[in-house]
Amino acid sequence: MTAPTKPQRPAADSPSGSVSGTSSGRPLGEDLHSPVIDWFAENARDLPWRRPEAGAWGVMVSEFMLQQTPVSRVLPVYEQWLERWPRPADLAKEAPGEAVRAWGRLGYPRRALRLHGAAVAITERHGGDVPADHAQLLALPGIGEYTAAAVASFAHGQRHPVLDTNVRRVFARAVTGVQYPPNATTAAERKLARALLPEDERTAARWAAASMELGALVCTAKSESCHRCPIAAQCAWRLAGKPEHDGPPRRGQTYAGTDRQVRGRLLAVLREAHGAVPQAALDRVWHEPVQRARALDGLVADGLVEPLEGGSYRLPLT
């Protein structure tokens, strides 16, 4: 048996940012695009935000909700959200606290406030229609590079690198030859993502969705399924013998006993109430007073909770 060939890595000093990994010198992306896109055509999940009727607003809502949250938890909240607020202007008319209430137990509730802020800006600046222009998307409050690129790509079929955790893992393994990407997105990853983009706009948008789905369903963090992967034969990590991760320790997501858990319990009480909640009702949700006070102060500082005279609290009205 011949030894596995050493995976070729992107040239760091390449002025064009091209990635060569074939004997013919063609960009490696050309060998990846068709297999991944064809696999996506056969295996993509039927998700409501991928349907034409979702529109740009549906795509935007899904992108906010899916950050650090699995699809199974997002689906019911997404459907209720779009039924209640089918357009940005519908949400913009509501108090921001209603967005926090409808967010339910998705976690990271500041995303609800950011989505509400984006809806207000879309209504005021763009006549209630989610803009198609990437720069205008990026200028909306609460929208960073990833969300702007995702909405422009998935809703409007534009050519942008869309780098979420799943895509970064696929690129790390298939192209760079390592098990996991860095903890935070690097300039080298962004350069690689741009180099791998197909030139054709529609194909690039399809590639963005397909590579993300591949990472979500096949090239997963805990149990990759190489036998089902359409690019296993080209995968640099597999060809190198799947070397173990040797970078900084990967961050875990603990929850039990953390301030996040306390914040969640406090918010649950406030979401259930349609008015002011006395301090005593909040005190009952967590036994440790110092941590409870710290969590409540954090919620107030983040704009998720509004303190009132007399020591009571409510979800924000403004």
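Residues numbered from 1 in each chain as written. Predicted model: local features only at pLDDT ≥ 70, side-chain atom pairs only at ≥ 80, totals over all residues. Heavy atoms only, no water.

**Focus on the overall build of the protein chain**
Right, so step 1: Helix and strand counts for the protein chain come out as 15 helices and three strands.
Right, so step 2: Seen through its C-alpha atoms, the protein chain measures out along the principal axes to roughly 75 × 45 × 35 Å.
Right, so step 3: A total of 318 residues make up the protein chain; the buried ones form 46% of that total.
Right, so step 4: Contacts in the protein chain between residues far apart in sequence, at least 24 positions, make up 63% of those at least 6 positions apart.
Right, so step 5: Within the structure as shown, the protein chain displays about 16,200 Å² of accessible surface, and the carbon and sulfur contribution to it stands at 52%.
Right, so step 6: Here the protein chain holds 39 positive side-chain charges and 34 negative ones, and the gap between their average locations is 5 Å. (Helix = DSSP H or I, 4+ residues; strand = E, 2+ residues; numbered from the N terminus. Buried < 20%, exposed > 50% of the residue type's maximum accessible area, 1.4 Å probe, protein only. Contact = heavy atoms within 4.5 Å. Areas by Shrake-Rupley, 256 points an atom, 1.4 Å probe, with all protein chains shown as cover. Lys, Arg positive; Asp, Glu negative; His and termini not counted. Charge placed at Lys NZ, Arg CZ, Asp CG, Glu CD.)

**A short note on the UniProt feature "domain: HhH-GPD" (unreviewed entry) in the protein chain**
Right, so step 1: Using the residue numbers shown here, the UniProt feature "domain: HhH-GPD" (unreviewed entry) corresponds to residues 65-217.
Right, so step 2: The distance separating the terminal C-alpha atoms of residues 65-217 is 19 Å; by composition the span is 67% helix and 0% strand. (UniProt positions renumbered as here; feature names shortened; annotations may be inferred.)

**What to know about the pattern of salt bridges**
Right, so step 1: Counted by the stated rule, this structure contains 15 salt bridges.
Right, so step 2: For Arg51, the salt bridge is made with Asp46, and the minimal N-O distance between the two is 3.1 Å.
Right, so step 3: Its relative accessible area of 60% is what places Asp46 among the exposed residues.
Right, so step 4: When the shortest N-O distance is used, the salt bridge between Glu213 and Arg50 registers 2.7 Å. (Salt bridge = Lys/Arg side-chain N within 4 Å of Asp/Glu carboxyl O.)

**Focus: unusual backbone geometry**
Right, so step 1: Although it is not a glycine, Gln68 adopts a positive phi angle of roughly 60°.
Right, so step 2: Since its relative accessible area comes to 52%, Gln68 is described here as exposed.
Right, so step 3: A positive phi angle, near 45°, is found at Tyr108, a position not held by glycine.

**Some remarks on the nonpolar core**
Right, so step 1: Ranked by size, the top nonpolar core spans 51 residues in total, and within it Trp57, Met60, Met65, Trp81 and Leu115 carry the most contacts.
Right, so step 2: Of all elements in the fold, only helix H2 (55-66), helix H3 (71-84), helix H5 (96-103), helix H6 (110-126), helix H8 (145-156), helix H13 (259-272), helix H14 (279-283) and helix H15 (289-301) reach the threshold of two or more residues within this core.
Right, so step 3: Looking at this core, the element that brings in the most residues is H2, giving seven residues.
Right, so step 4: Not counting residues up to four positions away in its chain, the partners in contact with Met60 are Leu115, Ile122, Val130, Leu137, Leu140, Ile143 and Val151.
Right, so step 5: Counting residues in each nonpolar core, the second largest holds 30 residues, with Leu32, Ala150, Leu196 and Cys229 among its members. (Core = buried A, V, L, I, M, F, W, Y, C linked by side-chain atoms within 4.5 Å.)

**Remarks on the packing of H8 against helix H11 (residues 201-217)**
Two quantities define a packed helix pair, namely the angle between the helix axes and the distance between the axes.
Right, so step 1: At a closest axis distance of 8 Å, the pairing of H8 and H11 adopts a crossing angle of 120°. Along this stretch, H8 crosses H11, giving a crossing that reads as left-handed. Together, Tyr146, Ser153 and Phe154 of H8 and Ala205, Ala208, Ala209 and Met212 of H11 make up the contact between the two elements.
Right, so step 2: Taken together, the residues that form the contact of H8 with H11 break down as six nonpolar, one polar and no charged. (Axes fitted to C-alpha atoms, helices over the stretch in contact; angles between N-to-C directions. Left-handed = near helix turned anticlockwise from the far one by under 90°. Nonpolar A, V, L, I, M, F, W, Y, C, P; charged D, E, K, R; others polar.)

**What about the environment of Ile143?**
Right, so step 1: Here Ile143 shows up in the loop between helix H7 (134-138) and H8.
Right, so step 2: Among the residues examined, Ile143 registers a relative accessible area of 7% and is labelled buried.
Right, so step 3: When the C-alpha positions of Ile143 and Leu113 are compared, they lie 12 Å apart, and in sequence the two are 30 residues distant.
Right, so step 4: Sequence-distant contacts of Ile143, defined by excluding residues within four places in its chain, comprise Met60, Phe64, Leu137, Leu138 and Ala148.

**Notes on the side chain of His33**
Right, so step 1: Inspection of the secondary structure puts His33 in helix H1 (residues 29-43).
Right, so step 2: One polar contact links the side chain of His33 to the main-chain carbonyl oxygen of Leu196, over a distance of 2.6 Å. (Polar contact = N/O pair within 3.5 Å; in protein donor to acceptor, adjacent residues only side chain to side chain.)

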